[in-house]
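# Structural overview
What follows is each chain in one-letter form.
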Amino acid sequence: MTVRTCAAAAVIIASAGCGASSTDSVSTKAGNQPPINARAASLKAGFGSMERLAETAKREGELNVIALPRDWVNFGEIIDTFADKYGLKVVQLEPGASSRRELDAAAQLKPDVFDLTMDVAVYGADRFAPYKVQGWQDLPDHLKDPSGAWYAAYGGYMSIGYDPRAVKPPASFADLLKPGYKVALDGDPLRSAAAFDGVMAASMRAGTPSPQQGVELFAKLKQAGRLTDPAKANTIVAWDHLNAARGAAHSDAWKVTIPGDAPLGGYHVQAINEAAPHPAAARLWQEFLFSDEGQNLLQKGFARPARGEAMLMKGTLDAEQAAKLPKAAGPPVLMTIPQADAAKAYLKREWGKSVG
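Here's a quick rundown of the structure. (Residues numbered from 1 in each chain as written. Predicted model: local features only at pLDDT ≥ 70, side-chain atom pairs only at ≥ 80, totals over all residues. Heavy atoms only, no water.)

## Regarding the overall build of the protein
In terms of helices and strands, the protein carries 15 helices and 13 strands. With the principal axes as the frame, the protein shows a C-alpha extent of 75 × 40 × 35 Å. Buried residues in the protein amount to 55% of all 356 residues. Total accessible area computed for the protein in this model is approximately 15200 Å², and 53% of it derives from carbon and sulfur atoms. Distance between charge centres in the protein, computed from 39 positive and 38 negative side chains, equals 4 Å. (Helix = DSSP H or I, 4+ residues; strand = E, 2+ residues; numbered from the N terminus. Buried < 20%, exposed > 50% of the residue type's maximum accessible area, 1.4 Å probe, protein only. Areas by Shrake-Rupley, 256 points an atom, 1.4 Å probe, with all protein chains shown as cover. Lys, Arg positive; Asp, Glu negative; His and termini not counted. Charge placed at Lys NZ, Arg CZ, Asp CG, Glu CD.)

## Focus: the pattern of salt bridges
Tallying each qualifying case throughout the model produces 14 salt bridges. Asp 188 is the salt-bridge partner of Arg 191, the closest N and O atoms lying 2.4 Å from each other. When its relative accessible area of 27% is taken as the criterion, Asp 188 is described as partly exposed. Close ionic contact of Lys 353 with Glu 350 constitutes a salt bridge, the shortest N to O distance being 3.5 Å. One end of the pair, Lys 353, and the other, Glu 350, are both in helix α15 (residues 337-354), three residues apart, so they sit about a helical turn from each other. (Salt bridge = Lys/Arg side-chain N within 4 Å of Asp/Glu carboxyl O.)

## A closer look at the packing of aromatic side chains
All told, the structure shown has 10 aromatic pairs when counted by the stated rule. Ring geometry for Phe 75 against Tyr 154: centres 6.1 Å apart, planes inclined by 70°, an arrangement best described as edge-to-face. Within this pair, whereas Phe 75 is found in helix α4 (residues 75-86), its partner Tyr 154 is found in strand β6 (residues 151-162), the two being separated by 79 residues in sequence. The exposure classification of Phe 75 matches that of Tyr 154, with both residues buried. Ring plane angle 55° and centroid distance 6.1 Å describe the contact between Phe 218 and Trp 351, whose orientation is recorded as tilted. (Phe/Tyr/Trp six-rings, centres within 6.5 Å; stacked < 30°, edge-to-face > 60°.)

## With respect to the pairing of strand β10 (residues 235-239)
On a regular strand, one side chain projects to one face of the sheet and the next to the other, so that they alternate. The element β10 is extensively covered by neighbouring structure, given that five of its five residues are classed as buried. Bridge count between β6 and β10: five bridges; the pairing is antiparallel. Counted as the bridge partner of Ile 160 is Val 237 from β10. Across three bridges, strand β7 (residues 183-185) lies against β10 in parallel orientation. Bridge pairing in β10 places Ala 184 opposite Ile 236. (Pairing = 2+ DSSP bridges.)

## Observations concerning the packing of α4 against helix α11 (residues 279-289)
The description of two packed helices rests on the angle between their axes and on the distance between the axes. For the pair α4 and α11, the least separation of the axes is 11 Å and the interaxial angle reads 120°. When the axes of α4 and α11 are compared, the pair comes out oblique. In terms of crossing hand, the pair formed by α4 and α11 is right-handed. Together, Phe 75, Ile 78, Ile 79, Thr 81, Phe 82, Lys 85 and Tyr 86 of α4 and Ala 281, Leu 284, Trp 285, Phe 288 and Leu 289 of α11 make up the contact between the two elements. (Axes fitted to C-alpha atoms, helices over the stretch in contact; angles between N-to-C directions. Parallel < 35°, antiparallel > 145°, perpendicular 65-115°, else oblique. Left-handed = near helix turned anticlockwise from the far one by under 90°. Contact = heavy atoms within 4.5 Å.)

## Remarks on helix α10 (residues 240-249)
Inspection of α10 places Asp 240, His 241, Asn 243, Ala 244 and Gly 247 among the buried residues, and these make up the whole buried set. All buried residues of α10 fall inside an arc of 160° around its axis, so they share one side. Buried positions along α10 lie against β6, β10, β11 (255-257) and β13 (304-305). (Arc of directions from axis to C-beta.)

## Observations regarding helix α3 (residues 50-60)
Of all the positions in α3, only Arg 52, Leu 53, Ala 54, Thr 56, Ala 57 and Glu 60 are classed as buried. Taken from the residues just after α3, Gly 61 is the one with a positive phi, measuring 95°.

## Focus: the side chain of Arg 307
Mapped onto the secondary structure, Arg 307 falls in the loop between β13 and α13 (308-314). Contacts of Arg 307, omitting those with residues within four sequence positions, involve Gly 135, Asp 138, Leu 139, Phe 290, Ser 291, Asp 292, Gln 295 and Lys 314.

## Notes on the environment of Phe 218
Here Phe 218 is to be found in helix α9 (residues 211-223). Setting aside residues no more than four positions away along its own chain, Phe 218 makes contact with Val 183, Leu 185, Gly 198, Val 199, Ala 202, Leu 227, Trp 351 and Val 355.

## Some words on the pairing of strand β5 (residues 113-117)
Taking burial as the measure, the five residues of β5 include five buried ones, the bulk of the element. Two strands pair when backbone bridges link them, and β5 and strand β12 (residues 265-272) are joined in this way by five bridges, in the antiparallel orientation. Along β12, the bridge assignment pairs Phe 114 with Ala 271.

## Observations regarding the environment of Lys 353
By relative accessible area, Lys 353 is classed as exposed at 63%. Counting along the chain gives 123 residues from Lys 353 to Pro 230, while the straight-line C-alpha distance between them is 22 Å.

## Side note on the nonpolar core
Ranked by internal contacts, the top residues of the largest apolar core, which has 98 residues, are Phe 75, Phe 82, Phe 128, Phe 173, Phe 218 and Trp 285. In this structure, Ala 184, Ala 233, Ala 238 and Trp 254 belong to the second largest nonpolar core, which totals five residues. (Core = buried A, V, L, I, M, F, W, Y, C linked by side-chain atoms within 4.5 Å.)

## Here we look at the layout of surface pockets
Of the pockets and cavities examined, the second largest pocket occupies roughly 670 Å³. Forming the boundary of the second largest pocket are 25 residues, of which Tyr 267, Arg 304, Pro 305, Gly 308 and Glu 309 lie nearest the centre. Secondary structure elements with two or more residues in the lining of the second largest pocket: β6, β13 and α13. Broken down by element, the residue count for the lining of the second largest pocket peaks at four residues, all from α13. Its residues placed into classes, the lining of the second largest pocket shows 16 nonpolar, five polar and four charged. (1 Å grid on protein atoms, 1.4 Å probe; cavity = no way out; pocket = protein on both sides within 12 Å on 5 of 7 lines; lining within 4 Å. Points joined across faces, edges and corners; volume = space filled by probe spheres on them. Nonpolar A, V, L, I, M, F, W, Y, C, P; charged D, E, K, R; others polar.)

Rendered as structure tokens:
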């Protein structure tokens, strides 16, 4: 759903197009089959089958991913499973990069695929190679670009994680103003999208963000000396998959709630670099992420898979893991890009003066 504030070691091994020229258009030995087009916009058009796609990707030898910390929505296991399954080397470029950094660094680092917040994906759509995965029809229309330039893989709700030994379960963001709560955001809202969305969740009024309300709440916490950093906090405003993962590791010491009056959600979308040095591997990665296996692995990291509703109807969703996700009162409210832009402009003007 949103933007990572994770510390992870970067392994920067940028390939300047290894194998790309040999797989962009390859004739096969099977006389009945059309030539492979590794930059096609669908499996059928470019490869005909998953077997041919996997074979072509294996000849390319590797995949460059960017901004995928191993502890973010289970990407460590996802990367290892993909690499083992298809015999590819996965090069992890700048795991802690922001969505904007992914696009800014693309020409230098040459990633094959992107994992982005939706607003950044919309901004950078002309840099992506359209490709519609086999699960395309399962993806809600409002979570995908009609041309296939980008589409959501997973999302989540903004949540409140808290130590039940120190404070009572907060029913709303307003409860954080009560005595005892030592509150942290997941970063600086002027630089971190996760922290920005935390302020926006506290700003929700009848499904509409009111940035002034969120800034005022955190200003009051700051004035009371109860806005702190995560290491000192007993309450953290963060994406529910982060709070849920912490709760799974410390079940008695950490709980998570999604306030019913502020169900702010967000999604992370996937896209293929138009200049991907390994175009077949990029398409294979997308097919894997959006397969039942890939979506369930994302859910194992407490993310909410974009194909989840369709998989539930088909009986392919991991129901046991789904039951472990934090409960929400209803569907997520997604801010529009104009709403987000207006809120960012407001915080840029007011956050420093009010909260600092």
